[in-house]
Amino acid sequence: MRFLIPSLAAIALIASPAAAQLRPLVAPPESAAKANSDGVDVFVVNEGPEAAPVTAPETIDTIAKDGTALTLELIRSTTDTAPVPPGGFAKLRYRLAPLRPDAPQVATAIPRAPRPEEPGETQIADSHGLASGFLGRFRPYEPTYVAIGSGQENTKAQFSFAMRPFGGTGVLSYLNVAYTHTFFWAFNRASAPITTTIYSPEVFVDVPVGEQVNVAFGYRHSSNGGGPRDSVDANRLYLRVNKAFDLGRGWRLDVAPQGWVFFGTRGVARDLDRFWGNAGITASIAQRDGLKLQVYGRGDPTSGRGSAELFLSYPLQRIGGDVGLYLFGQAFTGYGETLPRYNQQATTARIGIALTR
């Protein structure tokens, strides 16, 4: 069996057993899907001078040929049991390890924006009666949270979702509608008034380009809901590109530059572009079931004005109990956190709870 060893030298090296005599070598699969359907061959090579019993790790981390990070688990029914002679090898079979809900996982692929295909409406019955909706087409969009801290309006809350009206795989399946509702609550003042509300409906087309890039073009309206004397409106056409990077061990990096143009009336904020600018960028690093850090910046280089916002979140489920919420931190510095004071600089920091991130 010695003549097979040179051909195995081209196979990726993974790990050495504790005895340092048997060395597992894995033939990288084409993709996670192939590893799941066909399994993966692993050869345990005896590099010692004496015969050795077969020993192999229960799990092996490797990289598929398409760049996907994988965790494989041993299939014991396919393990050779005869001792491995010096210079020989034993053939083992591994398969893609299933995801465990109680621990962070090695990413099997970089997920795109979800494209659920629900066959019909979802019905939910409770004490309120029967409610129905095409819930499989809804998804989180911007973070949904409540956070309290510093600033003139010390509490900030936001609700955001997106939906695909059309299913299937045709051109209309890329169409999305979204809504983000943000309000500021002066909880530290008498009667605790809600001082500012921002309404942001949106419609956009989001198209995956390759495995790790999404391109979106859309329209977004933001308004404080005011009248002729105090209305602040922002009508924008934008182009956004998101590039994802698989960092391994369940970590993912996203970078999303975007640019926009204003059109239509802006209410009393005719110089809004001088404070918001015409471009921004979002960057986030996150681990599934773990920490996520996201930063968003926008501005106008010609005026030197702009803003930056930071989000930091961590699943409460990891801290203790089966709690489907996140510990959430939010901070802002610059211009335009609230529309009525778009031309006033402010720095705030808040902490709270998020439903989505």
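Because the structure is a prediction, the values reported are computed rather than measured.

Colleague: Just to check I follow, could you spell out the overall build of the protein for this structure?
Modeller: For the protein, the helix and strand inventory stands at four helices and 21 strands. Taken over 357 residues, the protein has a buried fraction of 41%. In the protein, 52% of the contacts between residues at least 6 apart in sequence involve partners at least 24 apart. Within the structure as shown, the protein displays about 18,800 Å² of accessible surface, and the carbon and sulfur contribution to it stands at 60%.

Colleague: Help me out: how do you make sense of the packing of aromatic side chains in this one?
Modeller: In this description, an aromatic ring pair is defined by two values, namely the gap between the centres and the angle between the planes. Considering all chains together, one arrives at 11 aromatic pairs under this definition. With 5.3 Å between their ring centres and 55 degrees between their planes, Phe275 and Tyr335 make a pair best called tilted. You can see Phe275 sitting in helix α3 (residues 273–276) and its partner Tyr335 sitting in strand β20 (residues 326–335), a full 60 residues away along the chain. For the pair Phe275 and Tyr335, a shared accessibility class is recorded, and that class is buried. Three or more aromatic residues joined by ring pairs make a cluster, and in this case those are Phe138, Phe159 and Phe161.

Colleague: Just to check I follow, could you spell out a nonpolar patch on the surface for this structure?
Modeller: A cluster of nonpolar side chains, namely Phe245, Leu247, Ile285, Leu291, Leu293, Val295, Leu310 and Leu312, defines an oily patch on the protein surface of about 580 Å² accessible area. Those elements that provide at least two residues to the nonpolar patch are β15 (233–248), β18 (292–300) and β19 (305–315). Mapped onto the elements, Ile285 comes out in strand β17 (residues 279–287). A relative accessible area of 32% means that Ile285 is categorised as partly exposed.

Colleague: I would appreciate a short explanation of the pattern of salt bridges in the present structure.
Modeller: A side chain with one charge can pair with a side chain of the opposite charge if their charged atoms come near. For the structure shown, the criterion picks out 14 salt bridges. For the salt bridge of Arg249 with Asp61, the shortest nitrogen-to-oxygen distance reads 2.1 Å. Of this pair, Arg249 sits in the loop between β15 and β16 (251–262) while Asp61 sits in strand β4 (residues 59–63), and the two are 188 residues apart along the sequence. By relative accessible area, Arg249 is classed as exposed at 51%. We note a salt bridge from Lys156 to Glu337, for which the minimum N-O separation is 3.4 Å. Taken as a pair, Lys156 in strand β11 (residues 155–163) and Glu337 in the loop between β20 and β21 (345–356) lie far apart in primary sequence, 181 residues in all. Across the pair, exposure class does not vary: Lys156 and Glu337 are buried alike. Each of Lys156, Glu309, Glu337 and Arg350 takes part in a single network of salt bridges with overlapping partners.

Colleague: Quick question: what am I supposed to make of the environment of Leu22 here?
Modeller: Inspection of the secondary structure puts Leu22 in strand β2 (residues 22–26). Note: C-alpha distance between Leu22 and Val54 (32 residues apart in sequence) is 7.9 Å.

Colleague: Just to check I follow, could you spell out the pairing of strand β7 (residues 122–126) for this structure?
Modeller: Two faces, one strand: in a regular strand the side chains alternate between the faces of the sheet. Summarising the sheet, β7 and strand β8 (residues 129–133) pair through five bridges and their orientation is antiparallel. When the bridges of β8 are listed, Ile124 appears paired with Ala131. Counting the residues in the hairpin turn of β7 and β8 gives two residues.

Colleague: Is there a simple way to think about the side chain of Ser31 in this case?
Modeller: Here Ser31 shows up in the loop between β2 and α2 (32–38). Apart from the residues within four sequence positions on either side, Ser31 is in contact with Ala64, Asp66 and Leu70.

Colleague: Looking at this structure, how should I read unusual backbone geometry?
Modeller: At Ala192, a position not held by glycine, the phi torsion is positive, near 45 degrees. Here Ala192 lies in the loop between β12 (175–185) and β13 (194–208). With a phi close to 60 degrees, Asp289 is a non-glycine residue in the positive phi region. Mapped onto the fold, Asp289 is located in the loop between β17 and β18.

Colleague: Even after reading the chapter, I still don't get the pairing of strand β5 (residues 69–74), so can you show me in this structure?
Modeller: Among the six residues of β5, five are classified as buried, and the element is accordingly described as predominantly covered. Here β4 pairs with β5 via five bridges, running antiparallel. Residue pairing for β5: Ile63 is matched across the bridge by Ala69. What sits between β4 and β5 in their antiparallel hairpin is a turn of five residues, with Gly67 showing a positive phi close to 90 degrees. One ladder, built from three bridges, connects β5 with strand β6 (residues 89–96); its direction is antiparallel. Within the sheet, the bridge partner assigned to Glu73 lies in β6 and is Arg95.

Colleague: In this structure, what is going on with the environment of Ala35? I would like to understand it.
Modeller: By the secondary structure assignment, Ala35 is in helix α2. Take Ala35: its relative accessible area is 0%, and that puts it in the buried class. Distance from Ala35 to Ala64, taken between C-alpha atoms, is 8.5 Å for residues 29 residues apart in sequence. Look past the residues within four positions of Ala35 in its chain and what remains in contact with it is Pro29, Val40, Leu70, Leu72, Arg95 and Leu96.

What counts, and at which threshold
Residues numbered from 1 in each chain as written. Predicted model: local features only at pLDDT ≥ 70, side-chain atom pairs only at ≥ 80, totals over all residues. Heavy atoms only, no water. Helix = DSSP H or I, 4+ residues; strand = E, 2+ residues; numbered from the N terminus. Buried < 20%, exposed > 50% of the residue type's maximum accessible area, 1.4 Å probe, protein only. Contact = heavy atoms within 4.5 Å. Areas by Shrake-Rupley, 256 points an atom, 1.4 Å probe, with all protein chains shown as cover. Phe/Tyr/Trp six-rings, centres within 6.5 Å; stacked < 30°, edge-to-face > 60°. Patch = residues over 30% accessible without salt bridge, like charges linked within 9 Å, V, L, I, M, F, W, Y side chains within 5 Å. Salt bridge = Lys/Arg side-chain N within 4 Å of Asp/Glu carboxyl O. Pairing = 2+ DSSP bridges.

Geometric descriptors of this kind do not, in isolation, establish any biological role.
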